[in-house]
Amino acid sequence: MVLVTAVRDYINRMLQDISGMKVLILDSITVSIVSVAYSQSELLRKEVFLVELVDSISMSREPMSHLKAVYFLRPTPENIRRLRRQVANPRFGEYHLFFSNMLEDSELHNIADADEHEIVQQVQEFYADFVAVDTYHFTLNIQSNHMYMLPVVVDPSGLQGFCDRVVDGIAAIFLALKRRPIIRYSRTSDIAKRIAQEASKLMYQQESGLFDFRRAEVSPLLLVLDRRDDPVTPQLNQWTYQAMVHELIGIQDNQVDLKNIVKNTSDQQEVVLSAEQDSFFKANMYENFGDIGVSIKKMVDDFQQVSKSNQNIQTIDDMAKFVDNYPEYRKMHGNVSKHVTLVTEMSRIVEERKLMVVSQTEQELACNGGQAAAFEAVTNLLNNDNVSDVDRLRLVMLYALRYEKESPVQLMQLFNKLASRSPKYKPGLVQFLLKQAGVDRRTGDLYGNRDLLNYALNMARGLKGVENVYTQHQPLLSQTIESIIKGRLRDADYPYVGNHFQQARLQDVVVFIVGGTTYEEARAVSLQNATNSGIRFILGGSVILNSKGFLKDLEEAQRIARTSANVL
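Residues numbered from 1 in each chain as written. Predicted model: local features only at pLDDT ≥ 70, side-chain atom pairs only at ≥ 80, totals over all residues. Heavy atoms only, no water.

1. Focus: helix 2 (residues 30-37)
A large share of helix 2 lies buried, amounting to six of its eight residues. Turning to helix 2, its buried residues are Thr30, Ser32, Ile33, Val34, Val36 and Ala37. (Buried < 20%, exposed > 50% of the residue type's maximum accessible area, 1.4 Å probe, protein only. Helix = DSSP H or I, 4+ residues; strand = E, 2+ residues; numbered from the N terminus.)

The structure is reproduced here in structure tokens:
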């Protein structure tokens with residue numbers, strides 16, 4: 001069972017057995033969970049005529065006894081308090097309560113105490129506590145994602161809240177899959193270890209009965225990684241369709257905000273990019289930018305043929321045929337317009353920021369050796385007035401991560417050059433990155449130069465040549481997945497939690513990256529699953545990053561770390 005299907009099944013079960021007109025009441029998290037899995041037209045077909053947020057519905061007093069209220073909320077203390085108030089002063093005819101995760105007995109009693117009018121018909125737990133953006137990719141949309149970079153002493157309660165949300169999300173994934181995993185984590189990461197241990201405690205001790213599915217299959221693997229093991233991937237410019245849209249424009253819950261791009265057409269202000277709802281996107285989401293242009297031209301040509309046939313209306317039958325086909329024609333028009341707008345805007349940004357030149361150097365820094373040539377290339381780009389401040393910063397960061405031990409003098413020259421050319425970037429941000437994710441802090445072989453076998457593979461790839469210089473980079477996750485498939489994931493680097501070990505060949509692996517995933521990694525997972533290796537991989541993280549999001553988290557963590565250092 002894949003993720004989108006799991007969430008859709010839960011939503012179907014919520015809505016199909018409650019007859020009549022309904023209002024669906026969500027919170028700021030579950031609105032994302034529902035929106036990526038279910039379209040508004042599908043909700044209408046289930047007789048949902050109103051969708052409201054739980055905090056805004058508290059402000060209205062208008063009775064609507066003709067509607068049945070279906071609540072789908074995270075079981076947070078704040079949501080329970082809101083629910084108690086709303087049940088005590090009911091506006092709707094019936095109340096059906098669904099929670100996205102485990103509800104404590106005390107919370108259930110609190111709701112029951114408030115239900116003096118006995119209008120609550122049911123209370124259920126439906127474990128859809130994650131945003132299933134794709135078949136094998138989920139996110140938790142954690143607002144305070146920078147927390148993973150901070151030491152415990154800086155904000156103990158904030159860090160505990162972060163860990164609790166991650167453990168809740170991971171638990172929901174395995175409850176939805178009806179499996180209990182064995183758990184491993186990245187050795188050098190305190191937060192990965194903490195989350196792995198807390199997840200294990202929940203599944204094997206606190207709620208062991210709930211997770212005991214008595215199934216004969218091999219236990220799946222949960223592998224908890226830290227974003228800082230691969231700080232390169234989220235900083236690179238992307239050249240495949242989905243990843244590129246997120247990097248240059250931004251995707252949130254499978255939606256792209258075009259308000260600043262499309263000025264006049266109201267129906268194109270926000271567009272959906274979902275493989276479930278858009279066949280062109282599904283076919284092209286992992287394709288290179290150059291190939292996308294060819295595919296879009298074909299789509300435009302096909303649409304023009306349909307438009308011509310629609311213009312040739314001469315008989316009553318022609319008119320009837322046009323009316324019957326109009327919804328499909330309108331949908332096709334919207335789809336063509338959406339993809340043409342996205343590709344046009346991305347082409348404009350690529351040209352404006354000279355990303356073809358910048359990205360070539362980025363890929364060299366990420367994939368190939370040659371420190372002297374790299375230093376010269378980065379220096380030239382720092383001096384180039386057409387290169388943006390943020391691209392200069394990323395180039396210096398990528399150079400620093402690659403050559404932090406080899407060329408401290410030249411690294412200092414780049415720091416000084418960056419400070420003079422891009423003064424808006426706070427001094428010390430690159431150094432803070434090295435402190436967070438430098439070679440001494442990382443698990444795994446990021447550049448393929450620690451392990452002799454990886455070194456040989458990299459050499460072979462370099463000699464064979466690469467199909468496209470802009471997409472030669474492979475995320476560290478690809479290497480980790482390969483190690484899992486071959487049974488070579490080192491116990492010393494990725495220890496097990498407790499005494500639950502892998503007994504037989506794996507069938508399912510959930511990789512969770514604390515600090516966030518990228519669409520480049522999601523692509524690697526999807527392409528790997530398409531090879532039918534016998535192991536199915538699912539990827540999840542606290543957020544879905546692009547370079548802007550990664551840098552924002554880094555800056556926020558640096559600001560808090562500095563403030564707390566001054567206080568201490």
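Right, picking up where we left off after that structure.
2. Digging into the environment of Glu94
The topology assignment puts Glu94 in strand 4 (residues 92-99). Since its relative accessible area comes to 22%, Glu94 is described here as partly exposed. With near-sequence residues (within four places) excluded, Glu94 lies in contact with Leu67, Lys68, Ala69, Ile119 and Gln121. A distance of 2.8 Å separates a polar atom in the side chain of Glu94 from a polar atom in the side chain of His96. (Contact = heavy atoms within 4.5 Å. Polar contact = N/O pair within 3.5 Å; in protein donor to acceptor, adjacent residues only side chain to side chain.)

3. Describing the sheet that holds strand 6 (residues 131-134)
The strand order 6-7-13-12-9-8 describes an open sheet built from six strands, whose pairing is mixed. Here the strands that pair on one side only, and so sit at the sheet edges, are strand 6 and strand 8 (182-185). Sheet twist, expressed as the average angle between the axes of neighbouring strands with direction ignored, equals 25 degrees. With six bridges connecting them, strand 12 (residues 508-514) and strand 13 (residues 536-541) associate as parallel partners. Counterpart to Val511 in the pairing with strand 13 is Leu539. Strands strand 7 (137-139), strand 12 and strand 13 of the sheet are contacted by helix 20 (residues 519-530), whose axis makes an angle of about 165 degrees with strand 13. (Pairing = 2+ DSSP bridges. Axes fitted to C-alpha atoms, helices over the stretch in contact; angles between N-to-C directions.)

4. A word on helix 1 (residues 3-16)
Note: α-helices contain 3.6 residues per turn, so residues at a spacing of three or four share the same orientation. Here helix 1 contains 14 residues, and its C-alpha end-to-end distance of 20 Å stays within 8% of the 20 Å for a straight helix at 1.5 Å per residue. Those residues of helix 1 lying buried are Leu3, Val4, Ala6, Val7, Tyr10, Ile11, Asn12, Met14 and Leu15. (Expected span 1.5 Å × (residues − 1).)

5. Topic: the sheet that holds strand 3 (residues 64-73)
Strand order in the open sheet formed by five strands is 2-1-3-4-5, with parallel pairing between adjacent strands. Only two strands of the sheet have a single partner each, and these edge strands are strand 2 (48-53) and strand 5 (120-125). Averaged over all pairs of adjacent strands, the angle between strand axes in this sheet comes to 20 degrees, irrespective of strand direction. Across five bridges, strand 1 (residues 22-26) lies against strand 2 in parallel orientation. If you follow Val23 over to strand 2, its bridge partner there is Leu50.

6. Structural notes on the pairing of strand 4
The element strand 4 is largely enclosed, with a buried count of six among its eight residues. As defined by bridge partners, strand 3 adjoins strand 4 across seven bridges and the pair is classed as parallel. Bridged to Lys68 within strand 4 is Glu94. Handedness of the crossover joining strand 4 and strand 5 through helix 6 (residues 105-114) is recorded here as right-handed. (Right-handed = clockwise from strand over helix to strand, strands pointing away.)

7. Considering the confidence of the model for the protein
Taken as a whole, the protein shows an average pLDDT of 89; of its residues, 90% reach a score of 70 or greater. By mean pLDDT, helix 18 (residues 452-464) is the weakest element of the protein at 45, and strand 7 is the strongest at 98. Taken together, the stretch residues 455-466 has pLDDT below 50 and engages in nine contacts with residues farther than four places along the chain or on a different chain. (pLDDT = per-residue confidence, 0-100.)

8. Section: the packing of helix 5 (residues 77-88) against helix 6
Look at helix 5 against helix 6: their axes get within 8 Å of each other, and the N-to-C directions meet at 20 degrees. Here helix 5 lies roughly parallel to helix 6, going by the angle between them. The hand of the helix 5/helix 6 crossing is right-handed. On helix 6, the residues that touch Ile80, Leu83, Arg84, Val87 and Ala88 of helix 5 are Glu107, Asn110, Ile111, Asp113 and Ala114. (Parallel < 35°, antiparallel > 145°, perpendicular 65-115°, else oblique. Left-handed = near helix turned anticlockwise from the far one by under 90°.)

9. Digging into unusual backbone geometry
For Glu47, which is not a glycine, the phi torsion comes out positive at approximately 65 degrees. Structurally, the position occupied by Glu47 is in the loop between helix 3 (40-45) and strand 2. Positioned with a positive phi, Lys354 is a non-glycine residue whose angle comes to about 55 degrees. Among the structural elements, Lys354 can be located in the loop between helix 12 (316-352) and helix 13 (355-367).

10. With respect to the side chain of Ser186
Within the secondary structure, Ser186 is located in the loop between strand 8 and helix 8 (190-206). Look at Ser186 and you get buried, because its relative accessible area is 0%. For Ser186, the side chain forms a polar contact with the side chain of Asp229, separated by 2.6 Å. Apart from residues lying up to four places away in sequence, Ser186 is in contact with Ala192, Val224, Leu225, Asp226, Asp229, Thr443, Asp493 and Tyr494.

11. Points about the environment of Tyr204
Tracing the chain through its elements places Tyr204 in helix 8. Taking the C-alpha atoms as reference points, Tyr204 and Asp257, 53 residues apart in sequence, are found 43 Å from one another. Beyond its immediate stretch of four places on either side in the chain, Tyr204 contacts Arg180, Pro181, Ile182 and His500.

12. Regarding the packing of helix 15 (residues 389-403) against helix 16 (residues 408-421)
In contact at an axis separation of 10 Å, helix 15 and helix 16 are set at 170 degrees when each is read in the N-to-C sense. Looking at the two axes, helix 15 sits roughly antiparallel to helix 16. Of helix 16, the residues touching helix 15 (which contributes Asp389, Arg392, Leu393, Val396, Tyr399 and Ala400) are Gln410, Leu411, Leu414, Phe415, Leu418 and Arg421. In terms of residue class, the contact of helix 15 with helix 16 is built from eight nonpolar, one polar and three charged. (Nonpolar A, V, L, I, M, F, W, Y, C, P; charged D, E, K, R; others polar.)

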